[in-house]
Amino acid sequence: MSEAGDAPAAPPAPRKRRVQGGLATADVVLSAHAGGNAALFPQILALHVPAGSLVADVTFGQGVFWREVPPGRYRLLASDLATGTDCRALPHADASLDALVLDPPYMEGLLRPKPETRGGLGSHAALRRYYDAGGGRAGPGGGRWHQAVLDLYLDAAREARRVLRDHGILIVKCQDEVSANRQELTHVQIVTGLAALGFYARDLFVLMRPNRPGIARLLRQVHARKNHSYFLVFQKVPAGQEVARYRSRGPVPPRAG
Ligand SMILES: C[S@@+](CC[C@H](N)C(=O)[O-])C[C@H]1O[C@@H](n2cnc3c(N)ncnc32)[C@H](O)[C@@H]1O
């Protein structure tokens with residue numbers, strides 16, 4: 001309280017009102033989509049990979065992912081085992097890429113040793129030959145063939161870490177599977193495995209088939225039939241930083257080059 005003769009105490013300054021930025025909109029990229037890879041992939045790129053980035057798609061296949069990406073938006077380096085480049089031994093220099101896309105075969109059914117119980121040929125044939133020749137290992141749950149699928153993801157991610165710049169983006173396509181009567185949550189195994197390699201799981205997209213899958217011979221249904229797959233978006237955590245403490249920032253601008 002002021003004493004007689006003192007100047008009256010100044011009133012407290014009005015508190016500054018915090019102004020909330022941003023726009024009210026429903027026009028945002030969503031985490032779950034019904035449809036195909038070609039429609040979703042450009043949205044993932046638009047959110048996480050700035051235009052002009054140097055991007056290697058190391059399992060390019062038929063290039064379906066890129067069909068609806070505006071031509072010239074990215075500097076794309078496309079490769080595939082079918083054209084002579086193994087995603088586990090890339091020709092790119094260390095820390096030279098802004099982003100990398102990985103979509104290897106993700107079903108053990110295509111790797112079974114007996115031709116009569118084996119799945120289709122096509123894009124999975126090279127992987128099957130490799131594992132038929134002893135490349136696969138027995139996994140902890142005896143899921144030898146599923147472990148072969150997982151090994152390919154992990155070995156490729158190790159190589160991706162070498163060629164990506166710090167904070168670079170790794171986009172991984174995968175699908176869970178039931179293999180040898182075991183539920184294999186491949187997307188969880190990949191997130192866990194890649195964290196151990198120094199990748200932060202920045203985003204996750206679920207892609208749902210728009211049509212119902214056909215079943216050739218159903219005896220008794222034990223697990224839900226899978227009609228969804230995932231795009232996982234990882235970021236390379238620089239050496240010496242903890243994955244558990246890493247935080248998302250805005251997209252990393254491409255390096256000139
Ligand atoms: C599911 S397809 C990829 C489809 C592709 N994302 C597209 O949009 O067309 C899997 C691809 O992985 C390739 N592949 C299998 N093993 C590989 C390896 N070790 N290194 C590189 N590519 C491999 C296959 O040849 C096949 O083209």
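Note that the structure is predicted; figures quoted are calculated from it, not measured. (Residues numbered from 1 in each chain as written. Predicted model: local features only at pLDDT ≥ 70, side-chain atom pairs only at ≥ 80, totals over all residues.)

**Here's the deal with the overall build of the protein**
A count of helices and strands for the protein gives 4 helices and 9 strands. Ordered by position from the N terminus, the helices and strands of the protein form the series β-α-β-β-β-α-α-β-β-β-α-β-β. Counting the 257 residues in the protein, one finds 31% classified as buried. A separation threshold of at least 6 residues defines the contact pool for the protein, and within that pool the share at least 24 residues apart is 71%. (Helix = DSSP H or I, 4+ residues; strand = E, 2+ residues; numbered from the N terminus. Buried ≥ 20, exposed ≤ 12 C-beta atoms within 10 Å, placed from the backbone. Contact = placed C-beta atoms within 7 Å.)

**Re the sheet that holds strand β4 (residues 97-102)**
Across a sheet, strands are paired by hydrogen bonds formed along the backbone, either parallel or antiparallel in direction. If you walk across this open sheet you meet the 7 strands as β1-β8-β9-β5-β4-β2-β3, and the pairing is mixed. Of all the strands in the sheet, just β1 (32-34) and β3 (75-78) have a single pairing partner and so form its edges. Between one strand axis and the next, the sheet turns by 20° as a mean value, whatever way the strands run. The pairing of strand β8 (residues 199-208) with strand β9 (residues 228-236) spans 9 bridges and is antiparallel. The residue bridging Y200 from the neighbouring strand is Q235, located in β9. Running at roughly 150° to β8, helix α1 (residues 37-48) makes contact with β1, β5 (164-174), β8 and β9 of the sheet. Across the sheet, helix α4 (residues 186-197) is in contact with β5, β8 and β9; its angle to β9 comes to roughly 10°. (Pairing = 2+ DSSP bridges. Axes fitted to C-alpha atoms, helices over the stretch in contact; angles between N-to-C directions.)

**Re the environment of Q189**
Along the chain, the position of Q189 falls in helix α4. With 35 residues separating them in the primary sequence, Q189 and L154 have C-alpha atoms 9.6 Å apart.

**Things to note about the confidence of the model for the protein**
In this model, the protein carries a mean pLDDT of 86, and residues with pLDDT of at least 70 account for 82%. Per-residue pLDDT stays below 50 along residues 120-143; that stretch engages in 37 contacts with residues further than four places along the chain or on separate chains. (pLDDT = per-residue confidence, 0-100.)

**Some points on the pairing of β4**
Of all 6 residues in β4, 6 are buried; the element is thus mostly enclosed. Where strand β2 (residues 54-57) meets β4, 3 bridges bridge the pair, whose relative direction is parallel. Bridge assignment links D57 to a residue of β4, and that residue is V101.

**A short note on α1**
Across its 12 residues, α1 extends 16 Å between first and last C-alpha, which sits within 8% of the 16 Å expected from 1.5 Å per residue. Within α1 the residues assigned to the buried category are L40, F41, I44, L45 and H48. Looking down the long axis of α1, one finds its buried residues gathered within 140° of arc, a one-sided arrangement. Elements that come into contact with the buried residues of α1 comprise β1, β5, β8 and β9. (Expected span 1.5 Å × (residues − 1). Arc of directions from axis to C-beta.)

**Here we look at unusual backbone geometry**
A positive phi is found at A180, a non-glycine position, where the angle reads about 50°. Locating A180 in the fold gives a position in the loop between β6 (177-179) and β7 (182-184). A count of 14 C-beta atoms within 10 Å places A180 in the partly exposed class. Phi angles above zero are rare outside glycine, and N181 is one such case at about 60°. Within the element layout of this structure, N181 appears in the loop between β6 and β7.

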